[in-house]
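So the chains spell out like this:
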Amino acid sequence: MILLSVQNIKKSFGVRTVLKDASFVLQDKERMGLVGVNGSGKSTLLKIIAGLETPDSGTVSVQKGLKVGYLAQHGEVDERETVLETLEHVFDPVVEMEGELRRMEEATGEAADDPEALSRLGGAYDRLMRQFEESNGYGWRSAVQGVLAGLGFTKEQQGQKTGVLSGGERTRLCLGRLLLQQPDLLLLDEPTNHLDLKSVSWLEGFLATYKGAVLMISHDRYFMDAVCQRMGELLLGTVECYDGNYTQYLGQRAERFAIRQKAYDLQQKEIARQEAIIARFKMYNTEASLKKAHSREKALDRVERLERPQDERAIRFSFKARRRTGEDVVMGDGLTKGFDGRTLFAGLNFHVRAGDRIAILGDNGVGKSTLLKIISGEWRPDAGMVRFGSGVDLGYYDQHQRKLHPEKTVLDEVWDDFRRMEQTDVRSALGLFLFTGDEVLEKVSTLSGGEKGRVALTKLMLRQDNLLLLDEPTNHLDMDSREVLEDALADFGGTILAVSHDRYFINRFADKVWVLDENGIQEYLGNYDDYQEKINRQQPPDSELAGVTKTELDRQKRKSREEKLRAQQTKEALLQLEKQIADTEEEIDRLEAYLATAEAYTAPDSQETLKKYSRLKERLEEMYENWAAAAEG
């Protein structure tokens with residue numbers, strides 16, 4: 001059953017068209033994710049569906065009586081209420097029903113001698129009791145506590161006024177209120193923002209069994225893999241729908257793009273062939289040939305031209321290290337740090353070796369970002385020390401971009417750190433991160449969070465450090481930019497320590513997971529899924545397993561390096577094959593253009609040219625087969 005139908009939505013802001021023909025439908029109990037590059041119109045479309053924005057044209061149709069709930073990225077609360085009261089008010093109608101039931105019970109006692117009144121009261125009482133039970137009358141207080149706990153609100157916070165909450169805490173509270181209201185259609189704009197991993201996991205479970213339909217925007221790809229059954233991509237103002245979760249959507253999108261590109265290329269070749277034939281007929285300049293040329297021109301004009309497939313995939317870059325480190329990269333000995341009388345961690349010890357790719361996890365406020373700042377030298381520990389091995393060049397990515405100068409232009413922000421570079425080279429580097437033309441002359445203060453992140457990544461790329469400290473590097477980046485960042489880190493030959501809540505990102509880059517808590521660092525070999533599997537099976541951390549010695553850790557690392565080497569060799573082989581394929585296709589195109597001319601068939605070597613063309617076509621097919629085999633391997 002269709003709950004929501006969005007048809008031909010168009011929306012512009014000034015001269016900029018955000019949505020030009022957005023259409024899709026949402027079925028009952030369906031959970032759909034909306035993705036697209038930053039600025040593609042996802043939040044605008046959600047606001048239009050929620051009735052907060054008006055489209056320039058098009059229609060939004062919802063099932064009659066449908067209850068719609070919308071979560072904005074920044075929710076509103078009554079600052080006079082406590083956290084608990086905000087959620088309890090959702091059940092005010094249930095409380096009123098409970099009060100009415102008590103009054104009816106009292107009235108029943110008073111009407112004991114009036115059978116007719118008792119009958120009336122009994123019928124009304126039964127109807128109200130059914131409504132009370134359907135509204136979770138006996139369990140709503142438990143539901144409130146479950147949501148508060150799931151979203152990370154402590155018992156102490158429940159009594160606080162909402163006016164003292166941070167922006168992130170307010171958003172979490174609004175999410176809790178919306179979930180308790182249980183609308184038929186949930187519209188969620190970045191619901192995992194400001195949630196720690198425990199809360200995100202709780203929300204995944206909640207939405208996976210939610211009785212209504214869900215339409216959501218999220219940059220958390222792991223979250224969408226767990227929750228979504230269908231994906232919608234906003235591309236160039238329209239919506240393309242895909243069955244399956246985020247990972248399945250990626251595969252389908254690549255297939256669709258390849259099919260469209262092939263169809264476009266084939267049509268362009270055919271158009272070029274027809275135009276060459278038309279030109280040849282006109283060259284003969286006879287009445288019959290001109291008639292044939294005119295006939296073919298009319299047929300060509302009737303052909304529905306395919307648009308060149310456009311991909312809004314964003315940045316393209318890579319990280320390189322200018323030199324190698326020694327085997328020991330960085331060690332922490334007895335590190336202690338606290339603020340305002342509260343100790344974050346004490347006596348912390350760790351050892352990072354060359355090639356380690358470590359994801360640092362832990363609850364909010366446990367000191368993950370603080371640890372990176374201490375390693376980078378930005379902050380000093382209260383006790384203990386950090387030691388570096390030989391040849392270490394350290395690059396640090398701060399999620400808040402505090403070291404960017406707001407009054408500098410984008411160009412000067414980068415160029416001032418790399419004065420030996422030519423301006424054209426700096427502009428080229430910024431171009432890799434989508435800063436082109438006069439955009440490089442904009443002030444840093446005018447940039448969005450994602451744009452500032454791209455400036456910081458530009459500088460980090462140019463430094464060519466061999467130890468990268470990354471604090472939430474995927475924050476503010478759109479999906480495709482995150483994919484490109486992951487690809488760049490996959491090819492990086494140095495060492496990485498990254499704090500991240502992005503489980504998809506952790507799965508892509510990490511071969512170790514550190515869990516930071518009040519007891520220190522617990523180390524797990526593998527990525528996030530490996531870590532989660534060990535937690536679910538209640539296995540101890542790898543750092544505490546008996547018999548896990550330096551030799552065993554080195555063996556694990558050697559195995560990981562061998563796998564990376566094989567992957568790199570496969571990638572290089574694929575690139576070489578792709579170059580050969582491109583060269584062969586170029587030669588075939590040249591021959592096809594030649595064979596479309598009259599002189600090709602009167603030349604002395606015409607037969608040899610045709611044989612060469614056939615050999616090249618066969619060779620191209622063989623190369624495609626080799627490429628497919630290498631890609632599968």
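Scope of this entry: the structure provided in the associated data block. Computed from a prediction, not measured in an experiment: that's the story for all the values here. (Residues numbered from 1 in each chain as written. Predicted model: local features only at pLDDT ≥ 70, side-chain atom pairs only at ≥ 80, totals over all residues. Heavy atoms only, no water.)

**Some thoughts on the packing of helix H3 (residues 92-110) against helix H4 (residues 115-134)**
Right, on to step 1. Here H3 crosses H4 at 155 degrees, and the two axes come no closer than 10 Å. Overall, the two elements H3 and H4 adopt an arrangement that is roughly antiparallel. Here the hand of the crossing between H3 and H4 comes out left-handed. Note on element contacts: H4 touches H3 through Leu 118, Leu 121, Ala 124, Tyr 125, Leu 128, Met 129, Gln 131 and Phe 132, opposite Val 94, Met 97, Glu 98, Glu 100, Leu 101, Arg 102, Met 104, Glu 105, Ala 107 and Thr 108. (Axes fitted to C-alpha atoms, helices over the stretch in contact; angles between N-to-C directions. Helix = DSSP H or I, 4+ residues; strand = E, 2+ residues; numbered from the N terminus. Parallel < 35°, antiparallel > 145°, perpendicular 65-115°, else oblique. Left-handed = near helix turned anticlockwise from the far one by under 90°. Contact = heavy atoms within 4.5 Å.)

**Topic: the sheet that holds strand E16 (residues 495-499)**
Right, on to step 1. Taken together, six strands build an open sheet; the order of strands is E14-E15-E16-E12-E17-E18 and the sheet is mixed. The open sheet terminates on both sides in strands that have one partner only, identified here as strand E14 (394-397) and strand E18 (520-525). If you compare each strand with its neighbour and ignore which way they point, the axes differ by 20 degrees on average.
Right, on to step 2. In this structure, strand E17 (residues 512-517) lies alongside E18, joined through six bridges in antiparallel fashion. Residue pairing for E18: Val 513 is matched across the bridge by Tyr 524.
Right, on to step 3. With respect to the sheet, helix H12 (residues 368-376) is in contact with strand E12 (357-361), E14, strand E15 (467-471), E16, E17 and E18, its orientation differing from that of E15 by roughly 150 degrees. (Pairing = 2+ DSSP bridges.)

**Notes on the nonpolar core**
Right, on to step 1. Among the nonpolar cores identified, the biggest contains 94 residues, and Leu 188, Leu 207, Tyr 246 and Phe 319 are the most heavily contacted of them.
Right, on to step 2. When near neighbours in sequence (up to four residues on either side) are disregarded, Leu 207 contacts Arg 31, Leu 179, Leu 186, Leu 188, Val 214, Phe 223 and Val 227.
Right, on to step 3. If you look at the next biggest cluster of nonpolar residues, it comprises 25 residues, including Leu 335, Phe 350, Leu 516 and Ile 521. (Core = buried A, V, L, I, M, F, W, Y, C linked by side-chain atoms within 4.5 Å. Buried < 20%, exposed > 50% of the residue type's maximum accessible area, 1.4 Å probe, protein only.)

**Focus: the environment of Glu 608**
Right, on to step 1. Mapped onto the secondary structure, Glu 608 falls in helix H20 (residues 606-632).
Right, on to step 2. Once the C-alpha coordinates of Glu 608 and Leu 52 are considered, the two residues, 556 residues apart in sequence, prove to be 69 Å apart.

**Re the sheet that holds strand E1 (residues 2-13)**
Right, on to step 1. Strands sit in the order E2-E1-E4 across an open sheet of three strands; the sheet is antiparallel. In the strand order of this sheet, the two ends are held by strand E2 (16-27) and strand E4 (57-62), each with one partner. This sheet shows a mean twist of 15 degrees between the axes of neighbouring strands, independent of strand direction.
Right, on to step 2. For E1 and E2, the ladder comprises eight bridges, and the chain directions are antiparallel. Among the inter-strand pairings, Lys 11 is bridged to a residue of E2, identified as Leu 19.
Right, on to step 3. Along the sheet, helix H1 (residues 42-50) contacts E1, E2 and E4; its crossing angle with E1, the most-contacted strand, is approximately 125 degrees.

**Here we look at the side chain of Gln 267**
Right, on to step 1. Its location among the elements puts Gln 267 in helix H10 (residues 246-284).
Right, on to step 2. Given a relative accessible area of 15%, Gln 267 falls into the buried group.
Right, on to step 3. Here the side chain of Gln 267 touches Glu 304 through a polar contact of 3.0 Å, landing on its backbone oxygen.
Right, on to step 4. Apart from residues no more than four positions distant in its own chain, Gln 267 is found in contact with Val 303, Glu 304, Arg 305 and Leu 306. (Polar contact = N/O pair within 3.5 Å; in protein donor to acceptor, adjacent residues only side chain to side chain.)

**Section: the pairing of E17**
Right, on to step 1. Judged by how many residues are buried, E17 sits mostly within the fold: five of six residues are covered.
Right, on to step 2. In the sheet, E12 pairs with E17 via four bridges, with the strands oriented parallel. Paired with Ile 360 across the bridge in E17 is Trp 514.

**Comments concerning the packing of H10 against helix H11 (residues 287-302)**
Right, on to step 1. It is at 8 Å that the axes of H10 and H11 come closest, and there the two elements cross at 155 degrees. As far as their axial angle goes, H11 and H10 are roughly antiparallel. By crossing handedness, the relation of H10 to H11 is classed as left-handed. In contact with Ile 271, Gln 274, Glu 275, Ile 277, Ile 278, Phe 281, Lys 282 and Tyr 284 of H10, H11 contributes Ser 289, Leu 290, Lys 292, Ala 293, Arg 296, Glu 297 and Leu 300.
Right, on to step 2. Counted by class, the contact of H10 with H11 contains eight nonpolar, two polar and five charged residues. (Nonpolar A, V, L, I, M, F, W, Y, C, P; charged D, E, K, R; others polar.)

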